[in-house]
Amino acid sequence: QVQLVESGGGLVQPGGSLRLSCAASGFTLSTYAMGWFRQAPGKEREFVAAIRWSGGNTYYADSVKGRFSISRDNAKNTVYLQINSLKPEDTAVYYCAAAPAWAAILKPSGYNYWGQGTQVTISS
């Protein structure tokens, strides 16, 4: 059974930091890319970052470069999204997803599996 379980969301003040986690199981991780998306109320689901499990190649949306960082822990089958200098516009549900092809990572349609999402709220 394929499972992607996100955790680490919560309420954070502007300027703070947060690390999201995604624990994966039930499929061959080494052949996949793992991505993070986010969706705010009234907006489309937005690509944030992705990492190729085998090799560790990373790619970021222009809007988050320099502030977000994606990483993986092979021993724990877990991917992370470190978010620094949080802004109110970062408020969204953040989703972890798995894609079978690196070439299709920029769009939700490129991903086979999705987690349940974790809410990130930035407020003073």
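Here, the structure is the one placed above.
Residues numbered from 1 in each chain as written. Predicted model: local features only at pLDDT ≥ 70, side-chain atom pairs only at ≥ 80, totals over all residues. Heavy atoms only, no water.

K.L.:
Mind showing me how you'd approach the environment of Gly-15 here?
P.N.:
Relative to the assigned elements, Gly-15 resides in the loop between β2 (10-12) and β3 (18-25). In this structure Gly-15 comes out as exposed when scored by relative accessible area, which is 53%. Expressed as a C-alpha distance, the spacing of Gly-15 and Gln-116, which sit 101 residues apart in the sequence, is 26 Å. Not counting residues up to four positions away in its chain, the partners in contact with Gly-15 are Ser-85 and Leu-86. (Helix = DSSP H or I, 4+ residues; strand = E, 2+ residues; numbered from the N terminus. Buried < 20%, exposed > 50% of the residue type's maximum accessible area, 1.4 Å probe, protein only. Contact = heavy atoms within 4.5 Å.)

K.L.:
Would you mind showing me how to read the sheet that holds strand β1 (residues 3-7) here?
P.N.:
In sheet architecture, strand pairing relies on hydrogen bonds along the backbone and comes in two forms, parallel and antiparallel. Taken in spatial order, the four strands make up an open sheet running β1-β3-β8-β7, and their pairing is antiparallel. Every interior strand has two partners, whereas the edge strands, β1 and β7 (68-73), have only one. Strand-to-strand, the axes of this sheet are offset by a mean angle of 15 degrees, without reference to chain direction. (Pairing = 2+ DSSP bridges. Axes fitted to C-alpha atoms, helices over the stretch in contact; angles between N-to-C directions.)

K.L.:
Teacher, can you tell me more about the pattern of salt bridges here?
P.N.:
Overall, the coordinates contain four salt bridges when judged by the stated rule. In this structure, the salt-bridge partner of Arg-38 is Glu-46, at a minimum N-O distance of 2.9 Å. What makes Arg-38 buried here is its relative accessible area of 9%. Assessed through its relative accessible area of 27%, Glu-46 is described here as partly exposed. For Asp-90, the salt bridge is made with Arg-67, and the minimal N-O distance between the two is 2.5 Å. (Salt bridge = Lys/Arg side-chain N within 4 Å of Asp/Glu carboxyl O.)

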